[in-house]
Amino acid sequence: MENTKNILIIGDMPGYGKMGLAGMLPILSNLGHSVYNLPTALVSNNFDYGTFSVLDTTDYMRETIRVWQTLGFPFDCITTGFLASSDQVDLLRNFIDNQRKEDLLVVTDPIMGDGGKLYNGSNQKTVDNMRRLIGAADVIVPNLTEAEFLTGLCLGRETLTKAEVRRMLDGLLSCGPRSAVVTSGREEETGRHVVWGFDGRTGEYFTVPYRFIKAHFPGTGDIFTSLLTDQLLKGCALPQAVGKAVNLLERLIFMEQDVAERNNGIRVEKYLSVLTE
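The rules behind the values
Residues numbered from 1 in each chain as written. Predicted model: local features only at pLDDT ≥ 70, side-chain atom pairs only at ≥ 80, totals over all residues. Heavy atoms only, no water. Helix = DSSP H or I, 4+ residues; strand = E, 2+ residues; numbered from the N terminus. Buried < 20%, exposed > 50% of the residue type's maximum accessible area, 1.4 Å probe, protein only. Contact = heavy atoms within 4.5 Å. Areas by Shrake-Rupley, 256 points an atom, 1.4 Å probe, with all protein chains shown as cover. Lys, Arg positive; Asp, Glu negative; His and termini not counted. Charge placed at Lys NZ, Arg CZ, Asp CG, Glu CD. Disulfide = S-S within 2.5 Å. Arc of directions from axis to C-beta. Polar contact = N/O pair within 3.5 Å; in protein donor to acceptor, adjacent residues only side chain to side chain. Salt bridge = Lys/Arg side-chain N within 4 Å of Asp/Glu carboxyl O. Core = buried A, V, L, I, M, F, W, Y, C linked by side-chain atoms within 4.5 Å. Axes fitted to C-alpha atoms, helices over the stretch in contact; angles between N-to-C directions. Parallel < 35°, antiparallel > 145°, perpendicular 65-115°, else oblique. Left-handed = near helix turned anticlockwise from the far one by under 90°. Pairing = 2+ DSSP bridges. Phe/Tyr/Trp six-rings, centres within 6.5 Å; stacked < 30°, edge-to-face > 60°. Lys NZ or Arg CZ within 6 Å of the ring centre and 35° of its normal.

Caption draft 1: Summary view of the overall build of the protein chain. Along the backbone of the protein chain there are 8 helices and 11 strands. Principal-axis analysis of the C-alpha atoms places the extent of the protein chain at approximately 55 × 40 × 40 Å. Classification of the 277 residues of the protein chain by burial places 55% in the buried group. Considering only contacts in the protein chain between residues 6 or more positions apart, those separated by 24 or more positions represent 67%. On the protein chain, roughly 12,500 Å² of surface is accessible, and the fraction owed to carbon and sulfur atoms is 49%. Across the protein chain, the mean location of the 27 positive side-chain charges is 2 Å away from that of the 34 negative side-chain charges.

Shown next as structure tokens:
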């Protein structure tokens, strides 16, 4: 497949497990893009195991960005995920500003929590840092827990009313991103599992329902971000891009739901052909 866009993915690289850069690299490469990476941290394994090691790569990032700027490497799209320090926020905002051009797409997943609580190692400082970073993004893709912490609204809630969703999306947009997508939500009025969003290009608030499969896999947010980014780069409107990404991710989870070990994430290489059907 012919490569179409130069994509830089910024996030953590696990040594064991298919999340972060390890999950996004094969997906976006297989979808036909030229994919490059900048690790924010080297992590031994998924945090769900309870025991892990993290190497902060801020110094490496700073030197790498300096070299890339000297060489003039251009990117059509930048995605950001897990950050290891507050210094990385300023570093990445400056880098994005220097890369900014009319058609640059910046997609940010403010990774810091799920299930109503922050991840191990995340705290209020992490929330404050992510609030600063999402201001540089065109599209942000927090899950419901992350959206709650970023806005300070409906903390710990699993279901929201339409009015509460509108306030939350507006709260996210007040931080600076053009568009926002909130995953893993549930409508209080209907009980449906949904993704909520606001499309900055059209001014449209939208809702995309999905079939809930009771199987937790780390890294599904990274898969969703990869699929959504691919659709946006191909010119798909945000609501339709979310719908296509949701449908593909739902299919992957369904095919993996019976595996015994889920902490490693979905075995994305096994299903690459599914993503291009």
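Caption draft 2: Representation of the side chain of Asp76 in the model. Tracing the sequence through the fold places Asp76 in the loop between α2 (58-71) and β4 (77-80). Aside from chain neighbours lying at most four places away, what touches Asp76 is Lys5, Asn6, Lys101, Asp103, Leu104 and Leu105.

Caption draft 3: Broad picture of the state of the cysteines. In the structure shown here, the tally under the stated rule is 0 disulfides. Between Cys77, a free cysteine, and Cys236, which holds the nearest cysteine sulfur, the sulfur-to-sulfur gap is 14 Å. Residue Cys236 is classed as buried on the basis of its relative accessible area of 16%.

Caption draft 4: Up close: helix α4 (residues 124-134). For α4, the set of buried residues is Thr126, Val127, Asn129, Met130, Leu133 and Ile134. Take α4 and look down its axis: the buried residues cluster within an arc of 165 degrees, on one side only. Put simply, Asn123 is the residue that caps the front of α4, since its side-chain oxygen is 3.0 Å from the backbone nitrogen of Lys125.

Caption draft 5: Local environment of unusual backbone geometry. A positive phi angle is found at Cys154, which is not glycine, with a value near 55 degrees. Along the chain, Cys154 turns up in the loop between α5 (144-151) and α6 (162-173). One non-glycine residue, Ser184, adopts positive backbone phi at about 55 degrees. With respect to the helices and strands, the residue Ser184 is situated in strand β9 (residues 179-186).

Caption draft 6: Molecular detail of the pattern of salt bridges. All told, the structure shown has 14 salt bridges when counted by the stated rule. Among the salt bridges present, the one from Arg192 reaches Glu187, with a minimum N-O distance of 2.8 Å. Arg192 sits in the partly exposed class, given a relative accessible area of 39%. Glu187 sits in the buried class, given a relative accessible area of 6%. The salt bridge involving Asp230 is made with Lys234; its shortest N-O contact spans 3.1 Å. On the basis of relative accessibility, which here comes to 52%, the residue Lys234 falls in the exposed class. Connected via shared salt-bridge partners are Arg100, Asp138 and Arg178.

Caption draft 7: Expanded view of the nonpolar core. In this structure, Val139, Val181, Phe224, Leu228 and Val242 are the most contacted members of the largest nonpolar core, which totals 42 residues. Where this core is concerned, the elements lending two or more residues are β1 (6-14), α1 (21-30), β5 (105-108), β11 (204-209), α7 (220-233) and α8 (238-256). No other element matches the 9 residues that α8 contributes to this core. Setting aside residues up to four positions removed in sequence, Phe224 forms contacts with Val141, Val181, Thr183, Val242, Ala245, Val246 and Leu249. Ile140, Met168, Leu173 and Trp196 belong to the second-largest nonpolar core, a separate cluster that totals 39 residues.

Caption draft 8: Examining the packing of α1 against α7 more closely. Running from N to C, α1 and α7 cross one another at 25 degrees; their axes reach a closest spacing of 9 Å. In terms of their interaxial angle, α1 and α7 are classed as roughly parallel. Regarding α1 and α7, the two cross each other, and that crossing is right-handed. In this structure, α1 uses Met24, Ile27 and Leu28 to contact α7, whose residues at the interface are Asp222, Ile223, Thr225, Ser226, Leu227 and Asp230.

Caption draft 9: Broad picture of the sheet that holds strand β8 (residues 139-140). With respect to topology, 9 strands assemble into an open sheet ordered β3-β2-β1-β4-β5-β8-β9-β10-β11, the strand pairing being mixed. Strands with a single pairing partner mark the edges of an open sheet, and in this sheet they are β3 (54-56) and β11. As paired strands, β4 and β5 are joined by 4 bridges and run parallel to one another. Looking at the pairing, Thr79 lines up with Val107 of β5. Each of β1, β2 (34-43), β3, β4 and β5 touches helix α3 (residues 87-99); the most contacted strand, β4, lies at about 165 degrees to it. In the packing of α6 onto the sheet, the strands contacted are β8, β9, β10 (193-199) and β11, and the crossing angle to β9 comes to about 140 degrees.

Caption draft 10: A look at the packing of aromatic side chains. Counted according to the given criterion, the structure contains 6 aromatic pairs. These aromatic residues form a ring-pair network of at least three members: Tyr36, Trp68, Phe75 and Phe95. Sitting over the ring of Tyr205, Arg166 keeps its end group 3.7 Å from the ring centre.

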